[in-house]
Amino acid sequence: MLTLATILGIDYPTLWFLVVGGLFSGYAILDGFDLGAGAWHLFFRKEKSRRIALNAIGPVWDGNEVWLVIGGGALFAGFPVLYATMFSAMYIPFMLFLAFLIFRAVSIEFRSKEPMKWWRQMWDVAYSVSSIALALLLGVVLGNVLQGFPIGPDLEFSGNWVNFLNPYALIVGVTTVALFMMHGAIYLTMKTEGRLFAKITILLRRAIIFFIVSFGLVTLYTLIYFPHLTDRFQSAPWLFVVPVLAFLAIANIPRLVAKRRYRRAFIFSSSTVALLLALVAIELYPVLILSTGDPANNITIYNAASSTKSLGIMLTIAAIGTPLVLSYTAFVYYTFRGKTRLDDTSY
Amino acid sequence: MDVEILSRIQFAFTVAFHYIYPPLSIGIGLIIVIMEGLYLRTRNKLYEDMTRFWIKIFALTFGIGVATGIVMEFEFGTNWATYSRYVGDVFGSALAAEGIFAFALESGFLGILLFGWNRVSPRVHFISTIGVWLGSMFSAIWIVVANSWQQTPAGYHVVGEGINARAEITDFWAMVFNPSSVDRLTHVWLGAFLAGAFLVLSVHAYYLLRNRHVELSRKAFKIALGVALVASLGQLVSGHQSADGVAVNQPAKLAAMEGHFDSLAPAPLYLMGWVNKEAQTVTGLSIPGGLSFMVHFDGAEPITGLNAFPEDERPTALNAIFQFYHLMVAFGMLMIGLTVLAAFFWWRGTLFRQRWLLWVFVFMVIVPQLANQFGWYTAEMGRQPWVVYGLLRTSDALSKVVTANQVVFSLIMFTLIYTLLFALFLYLLNKKIKAGPDSHGTIQHSPQHEEMAGWLENDTQ
């Protein structure tokens, strides 16, 4: 029945898989740069530099986080079984994620409300640590999804939550931190000037090296220990264009940075984020979470999906809502374009 | 303690804490829209100062509201996995609609509301303010729809049996307009207006008593009083509607709210009382046949009592439900009484001479907050033992793989974080109030604002 309901020959669960993928790419691109900017925060020593870096993301970080809320809602609505299994299986990582999310929001909001040095230092540390921790946890979750979970025949998690801290997940986590730090540094080059700008360009070069090394490690680790993730490319070789594009996008970033074309570099680091997630999607599809035991227990987009009726309703909602969201996102970014300057409304 | 009670405590605690903030955002948002509208109309600088002052307080409540709100969305998956599987097909679309239609609007324009004063024209800023406020109103729509569906499920059918049973949507609009959603949404909106209006009243009453920002505070107080008057009177109608809906759709809840046990008797309306669950009696002050009259317009008509339901389908915390419900009603009446009285003095032109009344308003800020909290406790405890009324029991809705230790860990974590958060909130709120709405002449206006100041001069010539 499910496969009968199609648009352009694509069935509804696949369409919704694409929608969720698009939302998480949007989230990773947008919140990625503000988490990355946060990760750099303690590298800036002067009070004014920190304020500029913070206000560079000031008007947009909240809107960026909305993509997580929408992405989470889309996952819940479209694939309730996945949502239930994944979130209850990774209880502790998700609870820590929530804690850091709250700390980060509060730090941004509160740091500049008091002039005392210790107050600002305390919130600066909280802000930077929680930014790094959030990126790391997102990577850890992704790393675990790529490896698969022990799943029972009732499609419930059947392992021990402690196993989530494994080397592969941690390496994916570190790579995510590196990617966001590179992405965030490029964003900051567009928003800063003078000596702070000069400092960020130096940090950016380090970030690029950090990312390329950790990404190389993840790729090697994946190819050696999880060769099943490459099966898709053997059955559909044309998809190989995605990893090729991802590598080209990554390679293009240091080239553009050397030429001081930061805006273009930002476009390419955003594309890198999107292409890497596309790579993940291709490797997994139609599986959402691989069962490390019996493959019959894989959670796929079909056994986890809501009814066709429900997916149809939500596709309508997404079709109406997406242009709206994109238009006011664009409007906000347009309003706050250019270099960040402090005024009496700043953080 | 077992996982069920721990998870219930955690959800109740996180959602109750969260619910301090969104009503303030909705209520203050409405008042900022009015203030900024008056600023654009009159170009009076006092309205500009008060708008900018309340935007700062709005930012504080909004920030904490967002940070504590994502928690609930995640908790459905982490703590209530079986619930998520059961309702995802229906409930999920309301939640997704909230994200995309409401939250994105709100958070997108928030940047302009907070930081755009000097960047965009006054009109564009005003439109952004309206956008943020509407976003918060829309947010309430979808969240209340989702919760109302749990109270009065509609537009679905159940597929599968036993542990594989789940609800599937059959009619989106029947789900949205389920029997209780409109009544409850109105009730929530008005409650939110009251929470915001009474905070504004409290702060400006304080300034008036301290002889600070007098001219500005008089104007602001009147704006908030207008909102509070309309909202508290509206709540009378809306509250009655909601209770009527409960009588039809969730009779066990109504019986618990009024401590009514006997199925065949007309029910009295209690003004206050104490429920003895074992003896099935209520000791207190009542109007005989009052509840029957409210529901059926006939004091002799019987009301379905708790004994009409099997033991395992009745709410358990009877006295708590009774007390929370009656306190909410009492607080509602108190708000009506005070706002009507203040409006009378306003009409007589002696409002700002009633210092005692202004003092009362300073402390009244807590009352709508308590009324909102107690109303929700009544609604949620009254729905027990069901998480989805008549369909899914709370005890069946848990995550099977989550252990008590894990929940203890997260519960301690949330308790610590929220205590800190609340202390910081009060500290900063107090600080902002102490600082007051003075601009100290430091505002750097955008060219568009300068242009508007130009009109002002032309007008006065």
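Keep in mind it's a predicted model, so treat the numbers as computed, not measured.

1. A short note on the overall build of chain A
Each helix and strand in chain A was counted, giving twelve helices and four strands. Over its C-alpha trace chain A gives a radius of gyration of 21 Å, about what one expects of a compact globule, namely 20 Å for 347 residues. With the C-alpha coordinates aligned to their principal axes, the bounding extent of chain A is approximately 60 × 40 × 40 Å. Every one of the 347 residues in chain A was classed for burial, and the buried ones make up 54%. For chain A, the proportion of contacts with a sequence separation of at least 24, taken over those separated by at least 6, is 78%.

2. Thoughts on the nonpolar core
A:Leu82, B:Ile31, B:Trp54, B:Ala197, B:Leu201 and B:Ala224 are the most contacted members of the largest nonpolar core, which totals 266 residues. A total of 22 residues in this core trace back to one element, the largest contributor, which is helix H4 (residues 81-115) of chain B. Aside from chain neighbours lying at most four places away, what touches B:Ile31 is B:Trp54, B:Gly196, B:Ala197, B:Val200, B:Ile223, B:Ala224 and B:Val227.

3. Considerations on helix H14 (residues 404-435) of chain B
Given a rise of 1.5 Å per residue, 32 residues ought to cover 46 Å, and the 46 Å separating the end C-alpha atoms of H14(B) matches this to within 8%. Within two residues after H14(B), B:Gly436 carries a phi angle of roughly 75°, on the positive side.

4. Considerations on the confidence of the model for chain B
All names here are of chain B. This prediction gives chain B a mean pLDDT of 88; 95% of its residues lie at or above 70. Counting contacts from residues 453-461, a segment whose pLDDT is below 50, to residues more than four positions away or on other chains yields three contacts. For this predicted complex, the interface confidence reaches an ipTM of 0.85, while the overall pTM sits at 0.89.

5. Things to note about the interface of chain A and chain B
Counting from both sides, the interface comprises 55 residues of chain A and, opposite them, 59 residues of chain B. Mapped by element, the contributors of at least two residues to the side of chain A that touches chain B are helix H3 (61-78), helix H4 (80-89), helix H5 (91-110) and helix H12 (308-335) of chain A.

6. Some thoughts on the packing of helix H7 (residues 181-209) of chain B against helix H13 (residues 366-383) of chain B
All names here are of chain B. Contact geometry for H7 and H13: axes closest at 8 Å, N-to-C directions at 155°. Classified by the interaxial angle, the pair formed by H7 and H13 is roughly antiparallel. H7 and H13 meet at a crossing whose hand is left-handed. Seen from H7, the contacting residues are Gly191, Leu194, Ala195 and Phe198; seen from H13, they are Val367, Pro368, Gln369, Ala371, Asn372 and Gly375. Residues belonging to the contact of H7 with H13 are distributed by class as follows: six nonpolar, four polar and no charged.

7. Remarks on the packing of H7(B) against helix H12 (residues 355-364) of chain B
A packed helix pair is summarised by two numbers, namely the angle formed by the two axes and the spacing between the axes. All names here are of chain B. As a packed pair, H7 and H12 sit with axes 7 Å apart at the nearest point and diverge in direction by 135°. Between H7 and H12, the crossing angle belongs to the class labelled oblique. The two elements H7 and H12 meet at a crossing, and its hand is left-handed. Along the contact surface, H7 presents Phe198, Leu201, Ser202, Ala205, Tyr206, Leu208 and Leu209, while H12 presents Arg355, Leu358, Trp359, Phe361, Val362 and Met364.

8. Regarding unusual backbone geometry
Cis rather than trans, the peptide bond between A:Tyr285 and A:Pro286 has omega equal to 0°. Following B:Gln384, the chain continues to B:Pro385 via a peptide bond in cis, the omega torsion being 5°. Secondary-structure assignment places B:Pro385 in the loop between H13 and strand S5 (386-388). Phi is positive for A:Arg260, close to 60°, though the residue is something other than glycine.

Conventions and cut-offs
- For every chain, the first residue of the written sequence is number 1, and numbering continues from 1 along that sequence.
- Going through the entries in the order they are written, you letter the chains from A and number the ligands from 1.
- For this predicted model, a pLDDT threshold of at least 70 governs which residues receive local features, and a threshold of 80 or more governs which side-chain atom pairs are given and counted, while totals over whole chains, interfaces and linings are taken from all residues.
- Only DSSP runs of H or I covering at least 4 residues are called helices, and only runs of E covering at least 2 are called strands; the numbering of each starts at the N terminus.
- Our radius of gyration looks at C-alpha atoms and nothing else; its globule reference is 2.2 Å times the residue count to the power 0.38.
- Backbone-placed C-beta atoms define the burial measure: a residue is buried with 20 or more other C-beta atoms within 10 Å of its own, exposed with 12 or fewer, and partly exposed in between.
- The contact criterion used is a C-beta to C-beta distance within 7 Å, with each C-beta placed from the backbone.
- Among buried residues, those of type Ala, Val, Leu, Ile, Met, Phe, Trp, Tyr and Cys that are joined through C-beta atoms within 7 Å form a set called a nonpolar core.
- Under the convention used throughout, the expected extent of a helix is 1.5 Å for every residue step, that is, one less than its residue count.
- You can read pLDDT as the predictor saying how much it trusts each residue, on a scale of 0 to 100.
- Working convention: axes come from line fits to C-alpha atoms, limited for helices to the stretch in contact. Angles between N-to-C directions cover 0 to 180 degrees.
- Under this scheme an angle from 65 to 115 degrees is roughly perpendicular, one under 35 degrees roughly parallel, and one over 145 degrees roughly antiparallel; angles in between are oblique.
- Definitions for this section: a left-handed crossing has its near helix turned counterclockwise from the far helix by less than a right angle. A right-handed crossing has that turn clockwise.
- Note that Gly is not counted as nonpolar here; it falls among the polar residues with everything else outside the nonpolar set of Ala, Val, Leu, Ile, Met, Phe, Trp, Tyr, Cys and Pro and the charged set of Asp, Glu, Lys and Arg.

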